[in-house]
Amino acid sequence: MKNFTITVDADGIALVSFDVPGRTMNTFTDSAVADLDLLVERIRADGAIKGAVLASGKANAFCAGADLGELGETAGGQAKGAALAAALPVTSRMSRALRALETVGKPVAAALEGLALGGGFEFALAAHRRVAARGVKVGLPEVTIGLLPGAGGTQRTTRLAGPRKALDFMLGGKPMDAETAQSIGLVDEVVEPGEAVEVAKAWIRNGGEGVQPWDVKGYRMEHGPYTPAGSGVFMLAAAQVQAKGMHNFPAQENIARCVYEGYGLPMDAALRVEARLFLATQQTPQARAMIRSLFVSKQANAKGAGRPEGVPPSKVTKAAVLGAGMMGAGIAFAQARAGIETVLIDTSQEAADKGRAYSEAIVEKAVLRGTMTREEADALIARILATTDYEAIAGADLVVEAVFEDRGLKADVTVRAEAVLASEAVFASNTSTLPITGLAQASKRPANFIGIHFFSPVDRMELVEIIVGKETSTETLAKAVDYCKQLKKVPIVVNDSRGFYTSRVFDSYLREGFEMLMEGIAPAIIDNVGRMTGMPRGPLELTDDVAIDLVDKVARQARVDMGLGEPSGGSEKMLIDLVAADRLGRKNAKGFYDYPKGEPKRLWSGLAEMFPVKVAKSDPELLEKLKRRFLYRQAVETARCLDEGVLTSARDADVGAILGWGFATWTGGPASLIDMVGVARFVEECDALAEELGDRFAPPALLRRMAEQGDSFYPAPKPLEAAA
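For clarity, every value in this text was computed on a predicted model and none was experimentally measured.

Conventions we followed
Residues numbered from 1 in each chain as written. Predicted model: local features only at pLDDT ≥ 70, side-chain atom pairs only at ≥ 80, totals over all residues. Heavy atoms only, no water. Helix = DSSP H or I, 4+ residues; strand = E, 2+ residues; numbered from the N terminus. Rg over C-alpha atoms; globule rule 2.2 N^0.38 Å. Buried < 20%, exposed > 50% of the residue type's maximum accessible area, 1.4 Å probe, protein only. Contact = heavy atoms within 4.5 Å. Expected span 1.5 Å × (residues − 1). Core = buried A, V, L, I, M, F, W, Y, C linked by side-chain atoms within 4.5 Å. Pairing = 2+ DSSP bridges. Axes fitted to C-alpha atoms, helices over the stretch in contact; angles between N-to-C directions. Salt bridge = Lys/Arg side-chain N within 4 Å of Asp/Glu carboxyl O.

1. Quick notes on the overall build of the protein
Scanning the protein for helices and strands turns up 31 helices and 20 strands. Computed over the C-alpha atoms, the radius of gyration of the protein is 28 Å, within 12% of the 27 Å expected from 2.2 N^0.38 for a compact globule of 724 residues. Projected onto its principal axes, the C-alpha positions of the protein cover 85 × 60 × 55 Å. The 724 residues of the protein split such that 56% are buried. Across the protein, the fraction of contacts at a sequence separation of at least 24, relative to all contacts at a separation of at least 6, is 73%.

Laid out in structure tokens, this is it:
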């Protein structure tokens, strides 16, 4: 075996150490799955082995899950019939191996000293007992990449935790701590760190039995679909799927099917149900798109895929942040968390201290939760110097400007910071819309000037958009990517333009909602349909969250820069009128919605006066059309960014959209959506929308060329036969 080593102690207990060679973290590669059969045979055949403890040979985790490998390459092929039948024995081999492990005839315990996710937790679930160290995270997150647990996870969690809790666990996809897992029956014992192996061994020594409850004669599952106690759970499963994913995710529906169809069956039959539904799910285009964007592409970007070659690696030891507002305070925290000495500057000491207090509040919560020690918290805060003195910037490797979106103010702080910066230091603007090349005019070193656009809240948002100006050097770009990697962010690299990529395309989603409102479509329909597409919120409520006056201010600045006058109509005039009516959004409790204190928000009654409702009820045809408008408007704008060279890769387009503004994850991103529809069909449907609604839907030349040549943004999936 290449991935497991076995040592047998004097009591006949085999310690099985899982250690995938050449990997920083254990994953179930094809090689590791093949080794499972050898592992089971060794435990079964070796008379000296009385029981086994599964443990990790790595200090950081038990197992992070399956290595998608060929599974991802063949995903989305929509194979049917003979191709599915031929591949089933291959895609279900881990499930069969784990079934053999739990029926090996000897007690097996899993000792979890680090996180156990996906296939890693399914490995542990096949053991007869699970002992976890306090603080360990376990989970079945497959649904977040368009798959379902296919190695027994849907069946064992249902039998251990019951259908209600199992569905919550798998449909949400979020890991839970060991204590919570114990409370619902997925972990048997929680111990202090470092004790899991010995406690697991003690269970075997003290007569632990090597039989799963469901393999004991007479076992019956409780709370089935035809019992008073269980019928409600299964009846509400469809509603749960609708609530969590608006039925956009085949994986969610098939998880519910696994629980329902496998319930009450003997385990071997239930595992066959799961295996077939796993393969069917893997063959959906949603699975292919999500695996690619949320796993393969995201990992590539996190590792610095957009970094120029041939530039030596760099590391930031000291950085300054100009502006201690919400964004600047968040950037300062991210830097301090990464071990970077940080200078946080604002116009008054009070404002600077308030920015530092943002980090203090975060670490205090972490200390209370036990995820950070007091010493670690104090050390992090000590790395943040809150001041008004620009001289404190001296010695910084990088400066991030995070002041208001005002050209004059940004120019002023640029000049003041550069006066004390070393010649090789990088100056970065956190602007979300203003072109970097124009902002760089205030700099004496435009080659060192770059855009680094963070997303709020910085401590939770993974994406960073790096914007390259016309004079930005490759060395500066490389340093910016290295800095983002230091912060453990996921960077995409784009070229300069107004709104860059993320703000530009996000704005198109809001604007399409405005267009619908002005057409007379009921605002409730607009926001509900927005969520039905898979967007996190509707466009009107999102505008309230962002702030109507901020959206208006960005539009005003664009008109000034382009030499345009005041608008006489359209969505820009609508924003002006709303601001004039003091409808600023959530921040002043008056926007498209009213926000009564202590009550749920409700649509502003005055909207009906500004925009009389002409469509008060929806039907399936209208819903599909509106959904298409929302998604296609963003996708065609993304294609324009690719056509214009703002974006240089479909990978950055998809990762940026999903992580930046929450573009419908089931699509894999806007470029993946175009591939999913088919470029030729997408162009045809956009032409029809453009003829009806205007040039905002007109496909760019890039898409027309691709349609003519039969191209796509990504390679087609490998035939499923390749996995068989």
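2. Describing helix α13 (residues 267-282)
Look at α13: 22 Å from first C-alpha to last across 16 residues, which is about the 22 Å you get at 1.5 Å a residue. In terms of residue burial, α13 counts as a mostly covered element, since 12 of its 16 residues are buried. Of the positions making up α13, those classed as buried are M267, A269, A270, L271, V273, E274, A275, L277, F278, L279, T281 and Q282. Taken together, the buried residues of α13 touch α2 (69-73), α3 (82-91), α4 (93-102), α6 (153-161), α12 (250-262) and α14 (285-302).

3. Some details on the nonpolar core
By size, the foremost hydrophobic cluster in this structure holds 173 residues, and its most contacted members are F28, F123, I393, Y501, F592 and F713. For this core, the element with the highest residue contribution is helix α27 (residues 620-644), accounting for 11 residues. Among the nonpolar cores identified, the runner-up in size contains 39 residues, and L398, V400, A402 and I452 belong to it.

4. Let's talk about the sheet that holds strand β6 (residues 115-117)
Overall, mixed pairing links the four strands, which are arranged β4-β6-β8-β9 in an open sheet. Two strands in the sheet have a free side with no partner beyond their single neighbour: β4 (61-63) and β9 (176-177). Where β6 and strand β8 (residues 137-139) come together, two bridges link them in parallel fashion. The residue of β8 that forms the bridge with L117 is G139.

5. Notes on the sheet that holds strand β16 (residues 449-454)
Hydrogen bonds along the backbone pair up the strands of a sheet, which may run parallel or antiparallel. Taking strand neighbours across the sheet as the criterion, the eight strands line up as β13-β12-β11-β14-β15-β16-β17-β18 in an open arrangement whose pairing is mixed. Two strands in the sheet have a free side with no partner beyond their single neighbour: β13 (384-387) and β18 (490-495). Pairwise comparison of adjacent strand axes, ignoring direction, gives a mean angle of 25 degrees for this sheet. Both β16 and strand β17 (residues 463-468) contribute to a ladder of four bridges, which runs antiparallel. Bridge assignment links G451 to a residue of β17, and that residue is I467. Each of β11 (318-322), β14 (398-401), β15 (426-429) and β16 is contacted by helix α18 (residues 407-418), which is oriented at about 165 degrees to β15, the strand it contacts most. Sheet strands touched by helix α28 (residues 650-661): β17 and β18. Its angle to β18, the strand with the most contacts, is close to 120 degrees.

6. Side note on the pattern of salt bridges
With the rule as written, the count across this model stands at 57 salt bridges. Among the salt bridges present, the one from D67 reaches R23, with a minimum N-O distance of 2.8 Å. With D67 in the loop between β4 and α2 and R23 in the loop between β2 (13-18) and α1 (30-45), this pair connects stretches of sequence that are 44 residues apart. As a salt-bridge pair, R537 and D545 come within 2.6 Å of each other at their nearest N and O atoms. Ionic contacts of the salt-bridge type, sharing partners, join the residues R531, R537, E541, D545, R586 and K601 into one network.

Any link to function would need more than the numbers given here.
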